[in-house]
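Survey of secondary and tertiary structure
Below, each chain spelled out in residue letters.
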Amino acid sequence: MVRPQCQCVVSTRTTVKRYVIFLAHEINNPVAVISGAVALMPKHFGNPAELTRRLAMIDRACQRIGKIVLGLKKFSRSPDAREFKVESLAEILKESISLTAPRAQRHGVQLTYTCEVSPSIECDEIEIEQVIIILVNNAIDAVKDLAECWVHVHLAQEGEVAILRITDSGTGIEPKIIAKLFEPFFTTKSAVSGTGLGLSIAKGILLDHKATIELLEPKPNTCFEIRFPLAKHTIA
């Protein structure tokens, strides 16, 4: 018979292992951006403008890695200790798209976005960026093998609410899966490519921001909708 203490240790080790895999996966995205930019630089030695653009991509990717590591601090402090600032959701979205675009391109997925407005929200910029990246990467993985593969992110506003919709060319999610979507460690991916932590972490972050996330049904395509309360004050 396994002692409760032993079961707790095994469970903790499993959780840590899966989270480490998740972090490695997320850090791998900006690393891939850096690797791709460096590989193409020799082709553009005679084009200063293109070299500058590549260097800017590398710089943004390095900043992203720093943000992911910095974001780990949230696990050593209570949610109340976080410092939320008024940020432009449109700018956070643009940065998130720039970091997920190389992955979409590698898999032949068309990634686009539109911003009807530029709403301000009170948030931890790092965490909201992470939420968007999780959802966009999930969408890319879901459609990359389809004949028609695209992901579109749309930012709009209704009254005092900012609305972010992530839609992909998939035809929806099976009802039996929907109920488990946000459960920790639930995944439809292989053990190698999926940890089942992404949506769970995303939902937790959004709850801390008094935001909501849901799968919109019925829809011709798969669509997740996030609703944020607008900031009481706009960016100066």
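No experiment lies behind these values; they were computed from the predicted model shown.

Quick notes on the rules
Residues numbered from 1 in each chain as written. Predicted model: local features only at pLDDT ≥ 70, side-chain atom pairs only at ≥ 80, totals over all residues. Heavy atoms only, no water. Helix = DSSP H or I, 4+ residues; strand = E, 2+ residues; numbered from the N terminus. Buried < 20%, exposed > 50% of the residue type's maximum accessible area, 1.4 Å probe, protein only. Contact = heavy atoms within 4.5 Å. Axes fitted to C-alpha atoms, helices over the stretch in contact; angles between N-to-C directions. Left-handed = near helix turned anticlockwise from the far one by under 90°. Pairing = 2+ DSSP bridges. Core = buried A, V, L, I, M, F, W, Y, C linked by side-chain atoms within 4.5 Å. Parallel < 35°, antiparallel > 145°, perpendicular 65-115°, else oblique. Nonpolar A, V, L, I, M, F, W, Y, C, P; charged D, E, K, R; others polar.

**Quick look at the overall build of the protein**
Helices and strands together make up the secondary structure of the protein, namely 6 helices and 7 strands. Listed N to C, the secondary structure of the protein is α-α-β-α-β-β-α-β-β-α-α-β-β in terms of helices and strands. Looking at the protein as a whole, 41% of its 236 residues are labelled buried. Pairs at least 24 apart in sequence give 73% of the contacts found in the protein among residues at least 6 apart.

**Some points on the packing of helix H4 (residues 125-143) against helix H6 (residues 198-208)**
Interhelical geometry of H4 versus H6 gives an angle of 145 degrees and a closest axis separation of 9 Å. In this structure, the crossing between H4 and H6 has a hand that is left-handed. Touching Glu127, Ile128, Val131, Ile134, Leu135 and Asn138 of H4 are Gly198, Leu199, Ala202, Ile205 and Leu206, all from H6.

**Things to note about the environment of Gln63**
Its place among the elements puts Gln63 in helix H2 (residues 48-71). Of the residues examined, Gln63 reaches a relative accessible area of 42% and is grouped as partly exposed.

**Re the sheet that holds strand S5 (residues 161-168)**
Here we have 5 strands laid out as an open sheet, ordered S2-S4-S5-S7-S6, and mixed in their pairing. Of all the strands in the sheet, the pair left with one neighbour each is strand S2 (110-115) and strand S6 (212-215). Along the sheet, successive strands turn relative to each other by an average axial angle of 15 degrees, direction set aside. With 4 bridges connecting them, S6 and strand S7 (residues 222-229) associate as antiparallel partners. Within S7, the residue paired with Leu215 across the bridge is Phe224.

**So, the nonpolar core**
The biggest cluster of nonpolar side chains holds 38 residues, and the ones touching the most others in it are Ile128, Leu164, Ile226 and Phe228. Elements represented by at least two residues in this core include exactly helix H3 (89-106), strand S3 (120-123), H4, strand S4 (150-158), S5, H6, S6 and S7. With 9 residues, H4 is the largest single contributor of residues to this core. If near-sequence neighbours (up to four positions away) are discounted, Leu164 is found in contact with Leu93, Ile132, Val153, His154, Leu155, Phe224, Glu225, Ile226 and Phe228. Counting 8 residues, the second largest nonpolar core, distinct from the first, contains Val33, Ala37, Met57 and Ile58.

**Observations concerning the packing of H3 against H4**
Relative orientation of the contacting elements H3 and H4 amounts to 40 degrees, with a least axis distance of 9 Å. By the criterion of interaxial angle, the relationship of H3 to H4 is oblique. For the pair H3 and H4, the sense of crossing is right-handed. Mapping the contact onto sequence places Leu89, Ile92, Leu93, Glu95, Ser96, Leu99, Thr100, Arg103 and Ala104 in H3 and Glu125, Ile128, Glu129, Ile132, Ile133, Val136, Asn137, Ile140 and Asp141 in H4. Split by residue class, the contact of H3 with H4 holds 10 nonpolar, 3 polar and 5 charged.

Interpretation note: all reported values are geometric properties and have no functional meaning in isolation.
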